[in-house]
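Structural features, examined
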Amino acid sequence: MKEFKDLEFAKTNIGNIAAAMMFDNNYGISVVMGPYTKGGLLGKYEIAILRMPPGKEFSVITYDTPLANDVIGHLSKDQVDEYIAKIQELPTIE
C-alpha cells in the first residue's frame, strides 16, 4: 500500500510544491502546498482525488466519491496519509 512517504514532490512555477500518484484501483491523489493553496501558508496540504478515465492515459480530478466532492485543504501529513489509504480502498474503476 502506498503512503505519504512515496510521494515525489517537485516545485511548480508559482511557488508551490506538488506531487501526484495513481493507485491500482484507477484512483489517485494530487497533493499541493504553497501560497495559493488551502492552508499552504500555514504549512498544510491541499489534496484532490483523481481518477483515470477508462481508455485514457491521463488523470482528472473527480468530485464524485464517497470521500470528497471538492478539493480538501488544511491537512497535515498524517491526514493526507489517511486519505491515501482511504482512496486505495475505493472500488476499482473499470
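Look above for the structure.
Residues numbered from 1 in each chain as written. Predicted model: local features only at pLDDT ≥ 70, side-chain atom pairs only at ≥ 80, totals over all residues. Heavy atoms only, no water.

**Remarks on the nonpolar core**
- In this structure, Leu7, Ile29, Val31, Ile47, Val80, Ile84 and Ile87 are the most contacted members of the largest nonpolar core, which totals 21 residues.
- Mapped by element, the contributors of at least two residues to this core are strand 2 (17–22), strand 3 (27–33), strand 4 (45–51), strand 6 (72–75) and helix 1 (77–88). (Core = buried A, V, L, I, M, F, W, Y, C linked by side-chain atoms within 4.5 Å. Buried < 20%, exposed > 50% of the residue type's maximum accessible area, 1.4 Å probe, protein only. Helix = DSSP H or I, 4+ residues; strand = E, 2+ residues; numbered from the N terminus.)

**Side note on the pattern of salt bridges**
- Here the structure, examined in full by the defined rule, presents one salt bridge.
- Glu3 is the partner of Lys5 in a salt bridge, and the nearest nitrogen-oxygen pair spans 3.7 Å.
- For Glu3, a relative accessible area of 34% translates into the label partly exposed. (Salt bridge = Lys/Arg side-chain N within 4 Å of Asp/Glu carboxyl O.)

**A short note on the side chain of Glu46**
- Mapped onto the fold, Glu46 is located in strand 4.
- Despite being buried, Glu46 has no salt bridge partner; Lys38 is the closest side chain of opposite charge, sitting 5.6 Å away.
- Discounting chain neighbours no more than four positions away, the residues touching Glu46 are Ser30, Val31, Val32, Thr37, Lys38, Val71, Ile72 and Gly73. (Lys, Arg positive; Asp, Glu negative; His and termini not counted. Contact = heavy atoms within 4.5 Å.)

**Re the pairing of strand 4**
- Burial of strand 4 is extensive: six of the seven residues sit out of reach of the surface.
- When strand 3 meets strand 4, the two strands line up antiparallel, connected through six bridges. Across the sheet, residue Gly28 finds its bridge partner in strand 4, namely Leu50.
- With two bridges joining them, strand 4 and strand 6 adopt antiparallel strand pairing. The partner of Ile47 across the bridge, within strand 6, is Ile72.
- Relative to strand 5 (residues 60–61), strand 4 is paired through two bridges, and the arrangement is antiparallel. Within strand 5, the residue paired with Arg51 across the bridge is Val60. (Pairing = 2+ DSSP bridges.)

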